[in-house]
Amino acid sequence: MVLSVAVAVTVSGCSAGDGTRKPTGRHASSGAAKARPEPKSASPARAEPTAKPRTAAQFVARARQAMGAEKGWTFALSGSESVVMRGQAPSSATYAATVHRTVSPDALEQNGTITTSKGERKAERVYVVGGTGYVKQGAEAWKKGPLSDPDIADDVEDPMAELAAFAAYTKSAKVSRAGAGGQGVRLRVTASGWQLSAARDRPALKKAVREAEPTLAQLRKAGVSATDGQITLKSFDETWDLDAAHGYRLISHRYAFTFLVPFQGGDITLSQEVRAENRGVFTGSVALPNGVK
């Protein structure tokens, strides 16, 4: 979920542009078309017992199966992004949205609001239908494109697609108990110290890199000359909480990261955090608004 906050860094009398986007999520594979549910059992009551999962990969497989067994889900999203430089007021933005995600067919509707640190608010509407993304912010025209286009993918927050993407790097995850009485399961990946240039090739960090890029581009336009080899990942934390009592279906997903960008003897701190909470089964359908093609 890219907010691409307006960067208030002044460099040699030049300041970055004041375009506003939402704090970014998602993952490199964000988009409804990328989350393929496991096949449903024709007769769940007579299905053979399944061995209790133990590894992160096994928990993810069970979670995807549980999520794919329903018509759809509703998620509550919240996010924040900030750029902080010593001696200057922070630039920041927050995002809140509701997502309806159907399973068959794969489709997504995301309605939210971006709020800047200046109190400016902008509505955002996002749809993914037939593998194509549609985005509208405020009074701007709809933009349309494939989910392979970062400009579209950065605006899509699809927890089910992100769960599918997470399967590619579960070996990096630690498994622990969570929730009241330790009845839930938590899968967690953490990282730090990576240079931006190296982080690009790490499956777990690709989303963080992609979502930091729009703000880094603003900083470069403002005159910040730090190279990818000089920009450092201070911290990265991705957490999945699963409900063991209901087939390990998703309870919540959180990811957060901070990059340090060297500048004038100090660091510009770029941070982002996004959280998705499962609000239960969605039995409706998702369709594009009238007039949108």
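Residues numbered from 1 in each chain as written. Predicted model: local features only at pLDDT ≥ 70, side-chain atom pairs only at ≥ 80, totals over all residues. Heavy atoms only, no water.

(A) Main features of the overall build of the protein chain. In terms of helices and strands, the protein chain carries five helices and 13 strands. Surface accessibility of the protein chain: about 13300 Å² in total, with carbon and sulfur atoms responsible for 50%. (Helix = DSSP H or I, 4+ residues; strand = E, 2+ residues; numbered from the N terminus. Areas by Shrake-Rupley, 256 points an atom, 1.4 Å probe, with all protein chains shown as cover.)

(B) Broad picture of the sheet that holds strand β11 (residues 232-243). The strand order across the open sheet formed by eleven strands is β8-β7-β6-β5-β4-β3-β13-β12-β11-β10-β9, and the pairing between neighbours is antiparallel. Because the sheet does not close on itself, it has two edges, and the strands there are β8 (143-146) and β9 (174-178). Strand-to-strand twist across the sheet, computed as the mean angle between neighbouring axes with direction ignored, equals 15 degrees. In the packing of helix α1 (residues 56-68) onto the sheet, contacts are made with β3 (72-85), β9, β10 (184-191), β11, β12 (249-263) and β13 (266-281), and the angle to β10 comes to roughly 120 degrees. Helix-sheet contacts for helix α5 (residues 206-221) involve β3, β11, β12 and β13, and the interaxial angle to β12 is about 40 degrees. (Pairing = 2+ DSSP bridges. Axes fitted to C-alpha atoms, helices over the stretch in contact; angles between N-to-C directions. Contact = heavy atoms within 4.5 Å.)

(C) Local environment of the pattern of salt bridges. Taken as a whole and judged by the stated rule, the model has 17 salt bridges. Residue Lys122 pairs with Glu140 through a salt bridge whose shortest N-O separation is 3.5 Å. Within this pair, whereas Lys122 is found in strand β6 (residues 121-129), its partner Glu140 is found in the loop between β7 (132-137) and β8, the two being separated by 18 residues in sequence. Using a relative accessible area of 43% as the deciding quantity, one classes Glu140 as partly exposed. Salt-bridge contacts for Arg188 lead to Asp237; the nearest nitrogen and oxygen are separated by 2.5 Å. Highlighted residues: Arg188 in strand β10 and Asp237 in strand β11, separated in sequence by 49 residues. Residue Asp237 is classed as buried on the basis of its relative accessible area, which comes to 15%. Shared partners join several salt bridges into a network, and the residues in it are Asp154, Glu162, Lys207, Arg210 and Glu211. (Salt bridge = Lys/Arg side-chain N within 4 Å of Asp/Glu carboxyl O. Buried < 20%, exposed > 50% of the residue type's maximum accessible area, 1.4 Å probe, protein only.)

(D) The pairing of β7, seen in detail. Direction of pairing for β6 relative to β7: antiparallel, over a ladder of six bridges. The partner of Tyr127 across the bridge, within β7, is Tyr134. Hairpin connection between β6 and β7: a loop of two residues separates the two successive antiparallel strands, and Gly130 in this loop has a positive phi of roughly 60 degrees. With four bridges joining them, β7 and β8 adopt antiparallel strand pairing.

(E) A look at the packing of aromatic side chains. Evaluated as defined, the whole model comprises five aromatic pairs. Ring plane angle 35 degrees and centroid distance 5.6 Å describe the contact between Phe166 and Trp240, whose orientation is recorded as tilted. With Phe166 in helix α3 (residues 159-166) and Trp240 in strand β11, this pair connects stretches of sequence that are 74 residues apart. The buried category is assigned to Phe166, whose relative accessible area is 0%. For Trp240, a relative accessible area of 0% puts it in the buried group. Pairwise contacts between aromatic rings join Phe166, Tyr169 and Trp240 into one cluster. (Phe/Tyr/Trp six-rings, centres within 6.5 Å; stacked < 30°, edge-to-face > 60°.)

(F) Expanded view of the side chain of Asp237. Within polar-contact distance, the side chain of Asp237 engages the side chain of Arg188 at 2.5 Å. Once residues lying within four places of it in the same chain are set aside, the contact partners of Asp237 are Arg188, Val189, Thr190, Arg254, Tyr255 and Ala256. (Polar contact = N/O pair within 3.5 Å; in protein donor to acceptor, adjacent residues only side chain to side chain.)

(G) Highlighting α3. Burial within α3 is extensive, with eight of its eight residues counted as buried. Listed in full, the buried residues belonging to α3 are Pro159, Met160, Ala161, Glu162, Leu163, Ala164, Ala165 and Phe166. N-capping of α3 is provided by Asp158, with a side-chain oxygen placed 3.1 Å from the backbone N of Met160.

(H) Fine view of the pairing of β11. Taking burial as the measure, the twelve residues of β11 include nine buried ones, the bulk of the element. Pairing geometry for β10 and β11, over seven bridges, is antiparallel. Across the sheet, the residue bridging to Ala191 is Phe236, located in β11. Adjacent in sequence and paired antiparallel, β11 and β12 are bridged by five residues, among which Gly247 carries a positive phi angle near 70 degrees.

(I) Here's a closer look at the packing of α1 against α3. Packing of α1 against α3 leaves a shortest axis separation of 10 Å and a crossing angle of 155 degrees. Judged by the angle between their axes, α1 and α3 are roughly antiparallel. Between α1 and α3 lies a crossing of left-handed hand. Of the residues in α3, those in contact with Val60, Ala63, Arg64, Met67 and Gly68 of α1 are Met160, Leu163, Ala164 and Phe166. Residues that form the contact of α1 with α3 fall into these classes: seven nonpolar, one polar and one charged. (Parallel < 35°, antiparallel > 145°, perpendicular 65-115°, else oblique. Left-handed = near helix turned anticlockwise from the far one by under 90°. Nonpolar A, V, L, I, M, F, W, Y, C, P; charged D, E, K, R; others polar.)

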